[in-house]
Amino acid sequence: MGRLKLNTGIKSIEEEPEEHDAAVESNRVDLLAYVINSEVSAVLAVMRRNVRWGGRYISGDDQLEDSLIQSLKTLRKQIFTWQNPWHTIDPALYLQPFLDVIQSDETGAPITGVALLSVYKILTLDVIDQNTLNVEDAMQLVVDAVTSCRFEVTDPASEEMVLMKILQVLLACMKSKASVMLSNQHVCTIVNTCFRIVHQAGSKSELLQRISRHTMHELVKCIFSHLPDVESAERTMVNGVASLKQEIGGMDNDYAFGSKQMENGNGNSELDGQASTVNFGSNASTALVAREENAIGTGGGKDALPFDLHLMTEPYGVPCMVEIFHFLCSLLNVVEHSGMGTRSNTIAFDEDVPLFALGLINSAVELGGPSIRCHPRLLSLIQDELFRNLMQFGLSMSPLILSMVCSIVLNLYHHLRTELKLQLEAFFSCVILRLAQSRYGASYQQQEVAMEALVDFCRQKTFMVEMYGNLDCDITCSNVFEELANLLSKSAFPVNCPLSAMHILALDGLIAVIQGMAERIGNGSVSSEQGPVHLEEYTPFWMVKCDDYSDPNHWVPFVRRRKYIKRRLMIGADHFNRDPKKGLEFLQGTHLLPDKLDPQSVACFFRYTAGLDKNLVGDFLGNHDEFCVQVLHEFAWTFDFQDMNLDTALRLFLETFRLPGESQKIQRVLEAFSERYYEQSPLILANKDAALLLSYSLIMLNTDQHNVQVKKKMTEEDFIRNNRHINGGSDLPREFLTELYHSICKNEIRTTPEQGFGYPEMTPSRWIDLMHKSKKTAPFILSDSRAYLDHDMFAIMSGPTIAAISVVFDNAEHDDVYQTCIDGFLAVAKISACHHLEDVLDDLVVSLCKFTTLLNSSLVEEPVLAFGDDAKARMATVTVFTIANRYGDYIRTGWRNILDCILRLHKLGLLPARVASDAADESELTADPVHGKPIANSLSSVHMQSMGTPRRSSGLMGRFSQLLNLDTEEPRSQPTEQQLAAHQRTLQTIQKCHVDSIFTESKFLQAESLLQLARALIWAAGRPQKG
């Protein structure tokens, strides 16, 4: 019938659906009537216990009865007379008496608590839904009443009980079917009230603290789970309304509410936020909706005010989510102003507030998911304010905060990575790569959390591919894939220490990347068919574009070409650092610079190439030569100073090179900077000369404030006095100069920027620059499950990876670690073979053969038993022969090491007869008629016999061996159980190796591999045998 049935467990009778529905409806009418009657009785019973109402009731004078009691008694008279379906009855009729009790100043905590419980029961019966008469007004009545709840405080326990009931009712409102009828404004009110209770709970019991925080989490989940169903409301928003960059002001006051509720002897507690001015603090200085209104008043003009107020009264959707999310982000800003005086705070500002806010934000991101990208205002908050705060908290000393930050970034990567390319690069460069290495001063706990986060990212199948394609192959970005792969390899190496959990963790990450590549092999690859990249003629490398970023036929050649250019630029940078002239000539020879140098190409080389010596760049740009002056001019034009403060722009400019020491060079550099800055961000500057003079003044102030040799520092008044009449003959605003003065004093402009490829800290100026770049960067390329770039990626990481896995395998003592390493070795072998990287496969074979212990088994007294007791050696042996059998086509020089192992097995009498060609052995062994492999039982019996008295063989090799051992041939003692078990393990291992298949299947090897095998056989035959 379109309504929820309470009797959900009863199946309808198909023959009589109408009669059944009528019966259900009748039962529901009776149920709700009896519930309401019961709740009225409960509230009246509690009220009678209070002298104020109890005396009036007993007097018998109806006129003396309080209006609250009258309304409840009237409701009780009416409920059983209502015969209409409940969805046709206005909920306000049966809710209003309870809401009046909740809002009354005269009721105590016990009465208010029972009334709240009654409302909660009615809401949870699910009789109120979006089809109910006047449901919108009814839901708003409930929210307004509960959020403005007032009651007399008699004792702390009863007060906490009421606060818990308020949380219950508000959460029930949001979980109700009718919640879709709540307005944006009322949803903000609900969140507001719950947040205030969270603060009040800080000075109360642990139970209330936990319940209030849990309710806040549930509210955020309810609200943001609605986002995928919300149509974009962006088209209805006025440009400039409610600027998202406006920080929440007055947070100092926001955290003070709740501390005065018991003061002055008034004994009242109230949650009296009104719907039109919902506030988070007692002073109402900052609020979700209040902040929305303030922003409207400043940015939308006269006509925008009623329009946006109308938007906030519509059914809830994106507007309230934007406001709530902005507020959650602003909670992270509180830490920047944590010097909050001596008064006690309800929440400690060490871990508590950030963890709480980050947890709520994580829930919002998880549930909003990919729908966030459909709403520009939400997306903008995540791209800028949220990520800026995540970068700050990512360097927190608290492992809890760092872990939560990493979880949020992982969720953001999963849902929104196409919109967060440069933000993700910054996070890995400035947080993960810094924290995961001890040289940057991170604690062990920080390193471990950072490494765990990195491994989680590596387990995302496309993560490393996308980092490589989007960042490593972009000349303006850092080599994140390469740095992360190197970090994992180095972190897996135990250097002068035993194997630890950190080493195993790094190994897991490394093998996750390798296995991801191995899995993609079967899905088709085009990389093996692609040849090396060459530049036939000069094209401006900074202008290279891709026609279609969604089509692999276009973007794969594009990113490979871009990576080639990036590598060549870095080689050119190395040449330039040794000799600038030769460096430019090298780039001309590789067609990265034109045969006749032009200023723009050289400027772009300086601007976009990492690793350049910034002293040399500064000297070049400051040179008086006409060409160098032109390069300087073009270099300045590569910057985007749009809407930047002068000091921020100057910081960014001077980070790219070292400012020369000569005054004439400084003047030329600052002239170019000032001209570019004035063109893009004139702001209040009259002309470019004003920008030049002020830039000079900032450099002088910077030297004055941050040079230890300057004893008498420039004051604010001195700075303002020095800059009089520089703005076209008039003064600059005092506030403007004051802001610049304090910015320079607080944060030095580094005129000697960092050299090399380190991991810089994320400064405010760098963040502003990142946000500018993010608007112009190339689109994020999404990788699918095919191995487009794996050949190039594996070529970069294969060497360190094999070395790292080998070292861990060598130092490991547990079978599970052995197996992890073996899985890694097999994945490396598969990738090497399928991408035709024969050298890598040979290196792997050489490394594994060392672990078999077969090559140096002559040093052991009982090599067969020692081999049987050594799990590592046995696993390595099986792996070597597995690789030889599966990927023999791509083994080259590795065949020599494999033959060495085979010869040693023969010397130990462990080879199957087919390989040893011993007639006697062959006659004693039966062969598998299908596969031609010896049967394990017969092999075992023969070798068990050999552990007793020596076996005599008629074969040539056997007789020759006996001749050499005539003097030492004595009856041996019976083997122990341990020796028998070790021998059995040895035989089972050799059985798994399928050594004979290497030779029987060799006729199918590719020509080059077969040639190398033949050469290895000739080499082995002509080599003197050891042992």
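All values reported here derive from a predicted model rather than from experimental measurement.

Colleague: Explain the confidence of the model for the protein here, please?
Modeller: Detailed reading of the predicted coordinates is not advisable wherever pLDDT is low. Counting all residues, the mean pLDDT for the protein is 80, and 78% of those residues have values of 70 or more. pLDDT under 50 marks residues 232–267. Its contacts with residues more than four places away, or in other chains, come to 94 contacts. This stretch, residues 918–970, has a pLDDT under 50; its non-local contacts, to residues over four places away or in other chains, come to 68 contacts.

Colleague: Even after reading the chapter, I still don't get the packing of helix H28 (residues 663–680) against helix H29 (residues 688–706), so can you show me in this structure?
Modeller: Between two packed helices, both the angle of their axes relative to each other and the distance between the axes serve to describe the pair. Contact pair H28 / H29: the axes reach a minimum separation of 8 Å and the direction vectors enclose 130 degrees. By the angle class used here, H28 and H29 are oblique. Crossing hand, H28 versus H29: right-handed. In this structure, H28 uses Ser-663, Ile-666, Gln-667, Leu-670, Glu-671, Phe-673, Ser-674, Glu-675, Tyr-677 and Tyr-678 to contact H29, whose residues at the interface are Lys-688, Ala-691, Leu-692, Ser-695, Tyr-696 and Ile-699. Per-class residue counts for the contact of H28 with H29 are 9 nonpolar, 4 polar and 3 charged.

Colleague: I keep staring at empty space enclosed by the protein and nothing clicks. Help me out?
Modeller: Rolled over the atoms, a probe sized like a water molecule indicates the empty space that remains. Taken as a whole and judged by the stated rule, the model has 5 cavities of 30 Å³ or more. Approximately 60 Å³ is the volume attributed to the second largest cavity. Considering the residues around the second largest cavity, the lining is formed by Cys-458, Gln-460, Lys-461, Met-464, Val-465, Ala-512, Val-513, Gly-516, Met-517 and Arg-520. For the lining of the second largest cavity, the elements supplying multiple residues, two or more each, are helix H19 (463–472) and helix H21 (501–521). Ranked by residues supplied to the lining of the second largest cavity, first place goes to H21 with 5 residues. When the residues that make up the lining of the second largest cavity are grouped by side-chain class, the tally is 6 nonpolar, 2 polar and 2 charged.

Colleague: What's the story with the pattern of salt bridges in this structure? I'm lost.
Modeller: Where side chains of opposite charge bring their charged atoms close, a pairing between them can arise. On inspection of all chains with the given rule, the structure shows 28 salt bridges. One salt bridge connects Lys-421 with Asp-474, and the closest N-O pair in it is separated by 3.1 Å. Of the two residues, Lys-421 is situated in helix H17 (residues 421–435) and Asp-474 in the loop between H19 and helix H20 (480–492); the sequence distance between them amounts to 53 residues. One salt bridge in this structure joins Asp-647 and Arg-651, with 3.7 Å as the shortest N-O distance. Taken as a pair, Asp-647 and Arg-651 lie in helix H27 (residues 646–654) at a separation of 4 residues, close to a single helical turn. Comparing Asp-647 with Arg-651, the two get one shared label, buried. Each of Lys-175, Glu-218 and Lys-221 takes part in a single network of salt bridges with overlapping partners.

Colleague: So what exactly am I meant to see when it comes to H17 here?
Modeller: Helical periodicity: at 3.6 residues per turn, an α-helix aligns residues three or four positions apart in one direction. Taking 1.5 Å per residue as the helical rise, H17 with its 15 residues ought to reach 21 Å, and the 21 Å between its terminal C-alpha atoms agrees with that figure. Considering bend angle alone, the principal kink of H17 is centred on Phe-428 and spans about 30 degrees. Counting buried positions along H17 yields 15 of 15 residues, so the element is predominantly enclosed.

Colleague: Just to check I follow, could you spell out the environment of Thr-989 for this structure?
Modeller: Tracing the backbone shows Thr-989 in helix H43 (residues 977–993). Each residue touching Thr-989, except ones within four places of it in the same chain, is listed here: Phe-867, Arg-874 and Val-878.

Conventions used here
Residues numbered from 1 in each chain as written. Predicted model: local features only at pLDDT ≥ 70, side-chain atom pairs only at ≥ 80, totals over all residues. Heavy atoms only, no water. pLDDT = per-residue confidence, 0-100. Contact = heavy atoms within 4.5 Å. Axes fitted to C-alpha atoms, helices over the stretch in contact; angles between N-to-C directions. Helix = DSSP H or I, 4+ residues; strand = E, 2+ residues; numbered from the N terminus. Parallel < 35°, antiparallel > 145°, perpendicular 65-115°, else oblique. Left-handed = near helix turned anticlockwise from the far one by under 90°. Nonpolar A, V, L, I, M, F, W, Y, C, P; charged D, E, K, R; others polar. 1 Å grid on protein atoms, 1.4 Å probe; cavity = no way out; pocket = protein on both sides within 12 Å on 5 of 7 lines; lining within 4 Å. Points joined across faces, edges and corners; volume = space filled by probe spheres on them. Salt bridge = Lys/Arg side-chain N within 4 Å of Asp/Glu carboxyl O. Buried < 20%, exposed > 50% of the residue type's maximum accessible area, 1.4 Å probe, protein only. Expected span 1.5 Å × (residues − 1). Bend = angle between axes of the 7 residues up to and from the residue.

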